[in-house]
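# Inside the fold
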Amino acid sequence: MHLCQRCVSVFRPGRISAALQQSTRLHQRSHDVRSTAHSHKQLPVHSHSQTYSTETWRPALLRHSHRQLPVHNLSQKYSTENCGVHPQTASPDLQNNSDDKQCVTFNNSDLHQELSQTSISDLHNIGLEAVVRPSPFQEITEDEAVQIEVPSALPPVSFTLRPYVDKSETLSKLVQLGVDLWKLEQRPNVGSMLVKLDFHTDVAPRLLFLKDLGVEETKLGSLLTKNPFILTESLENLEARVSYLKSKKFSTQSVAAMVSKAPYLLNFSVERLDNRLGFFQQQLGLSSEKTRNIVIRLPKLLCGSLEPVKENLKVCELEFGFRDNEIQHIVTTVPKILIGNKRKLTQIFDFVHNTMGVPHSLIAKFPQVFNAKFLRIKERHQFLEYLGRAQYQPSQPNYISLDRLVFLPDEAFCSDVALATLEDFERFQKTL
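Here's what I pulled together on the structure shown here. (Residues numbered from 1 in each chain as written. Predicted model: local features only at pLDDT ≥ 70, side-chain atom pairs only at ≥ 80, totals over all residues. Heavy atoms only, no water.)

Time to look at the nonpolar core. Core analysis: the biggest nonpolar cluster contains 48 residues, and Phe322, Val352, Met356, Phe370, Ile377, Leu405 and Phe413 have the highest contact counts within it. With five residues, the top contributor of residues to this core is helix 23 (residues 342–355). Among residues more than four places away in sequence, those in contact with Val352 are Gly357, Val358, Ile363, Val369, Ile377 and Leu402. Within the second largest apolar cluster, 41 residues are counted, among which are Leu171, Val190, Phe250 and Leu273. (Core = buried A, V, L, I, M, F, W, Y, C linked by side-chain atoms within 4.5 Å. Buried < 20%, exposed > 50% of the residue type's maximum accessible area, 1.4 Å probe, protein only. Helix = DSSP H or I, 4+ residues; strand = E, 2+ residues; numbered from the N terminus. Contact = heavy atoms within 4.5 Å.)

Glancing now at the environment of Phe374. Residue position: Phe374 is located in helix 25 (residues 374–387). For the pair formed by Phe374 and Lys344, sequence separation is 30 residues and the distance between their alpha carbons is 7.9 Å. Dropping the residues within four chain positions of it, Phe374 is found in contact with Gln347, Ile348 and Phe351.

A few words on a positive patch on the surface. A surface patch of like charges, here positive, comprises Lys226, Lys300, Lys336, Lys344, Lys373 and Arg376. Classification of Lys344 as partly exposed rests on a relative accessible area of 34%. (Patch = residues over 30% accessible without salt bridge, like charges linked within 9 Å, V, L, I, M, F, W, Y side chains within 5 Å. Areas by Shrake-Rupley, 256 points an atom, 1.4 Å probe, with all protein chains shown as cover. Salt bridge = Lys/Arg side-chain N within 4 Å of Asp/Glu carboxyl O. Lys, Arg positive; Asp, Glu negative; His and termini not counted. Charge placed at Lys NZ, Arg CZ, Asp CG, Glu CD.)

What follows covers unusual backbone geometry. For Asn398, which is not a glycine, the phi torsion comes out positive at approximately 60°. Of note, Asn398 is situated in the loop between helix 25 and helix 26 (402–407). You will see that Leu419, though not glycine, has its phi angle at about 55°, which is positive. Positionally, Leu419 belongs in the loop between helix 27 (410–417) and helix 28 (422–431).

With respect to the element layout, Arg241 can be found in helix 17 (residues 235–247). A polar side-chain atom of Arg241 sits 2.4 Å from the main-chain carbonyl oxygen of Leu266. (Polar contact = N/O pair within 3.5 Å; in protein donor to acceptor, adjacent residues only side chain to side chain.)

Between helix 23 and helix 25, the least distance of the axes is 10 Å, while the angle of their chain directions is 20°. Comparing their axes, helix 25 and helix 23 come out roughly parallel. Handedness of the crossing formed by helix 23 with helix 25: left-handed. In contact with Gln347, Ile348, Phe351, Val352 and Thr355 of helix 23, helix 25 contributes Phe374, Ile377, Lys378 and His381. (Axes fitted to C-alpha atoms, helices over the stretch in contact; angles between N-to-C directions. Parallel < 35°, antiparallel > 145°, perpendicular 65-115°, else oblique. Left-handed = near helix turned anticlockwise from the far one by under 90°.)

Next up, the structure:
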C-alpha cells in the first residue's frame, strides 16, 4: 500500500499531542482498529481514501496514549519513493495535489507491530509528559503547607467600601455606630486606611477612650465620620492632650463637649493648643476665664486657620470703627463673628448703622444682629418704616431694640412691634 506524505503527517509529534488529548475516546476506538488489523492482513488499495483517512488512523495512535512512535524508526523501516502513489489507486485529492513530492510505502501489519513496540521513554524524548495531578488525600509536609497561597476573601481593588463591609469586622462595627461610610470612601486614602485597621487593636481602645472622656455614644458615629483619623492617633498622645486641657482648667464635661463640636481637636499637638490659647488671650486682651469661655463655645478656633480671625478683627476695628472694649464685648457674646463671612458682616453692619441709623454702642450691645439673615432685617425695617414706627433710639418714644426686631417670630413681631396683622406684613412682602 502506498501513502503520501499528507498521510504520514498524522504521525508527526503535533498530531500525536493532539491525539493524546482525546483520552476519552482511547480504548473503544483502539479496540476496533485492533480487531480490524487481525482480521485483515492486507487492506485493499482501492479503499485508501475511505479506510486510511485522518479520522481512521487517529484511533490507532490513541490506543497507545502512553507511547510515542519514533520518527527515526519510521524513516529506517519504510522506504521512501518519489511519487509512490499510483494515479489509478489514489484518491482524487491525492491525484490533484502536485505539492506532495515524496510518499512512504509500508505495510499495515508492520505499522501495528511498530506501534506495539513503542515505549514510554520514546514519549518523553519529544517532551510529551503526562500532567501529574496530586491526589487530594496525599499528605504534604509543613513547609509545603506554608507555601500554599490562599486567595483573600476581600477584593483587591474597589471604588467603594460596600464589598468589604460583610468581610471586615471593623467596617461592620463602624456601621453599627452610625458612621457614614459613603462619605468616608469619597475622601482620598480613607477607605484603604479603614480596611487595614483591626477592630480589637485599633478601633475599640479609642472608642473606649472617647466614651470614658464623656463623649455620648450617639455622637461617636458623627465624630468618626468627620474625623476618622483619630483612630490612628496613639492613646498616649490623646491622653496627653486631654491632660493639657484639664491643666488649663477645662472641665471633663467641657473637653467632651469641645471634642464633639470639633472632632479634630485631639489630633493637634499640645504645643499647637497652647499657642492657640495664648494667641486669643493676647490678641483680644481677655482674661483666662473669658478666653476659656470663648473656646468652649467655639472650639473650632483651636482647629482652624488664624487668618480669618485676624482679618475679621481688623475689619471690626478699622472698617466698622469699634473700640477695643466694644470688640471684646462682641467677641465674648458672639464668638462666631471671629470666623464669620466678611461679606455678610460688612453688609449687615452697613445696613444697620448707615440705613437704620443705629449707633456703634447699640450694635455692640446687641451683637446677635450679625447672626441674623440680612433679608429678614431689611424686610422688617422697611415694613416698620412704611408704618412710621422705625424708631431705634432708646431716648425716643416707641423705641424698638435690635433683638426684638430680629429674633421675634413673625406673629409676635407684627402684633407686639409693628402693631399690625400678619396678613398686612405678608402683603407688604409681596410688594418688595
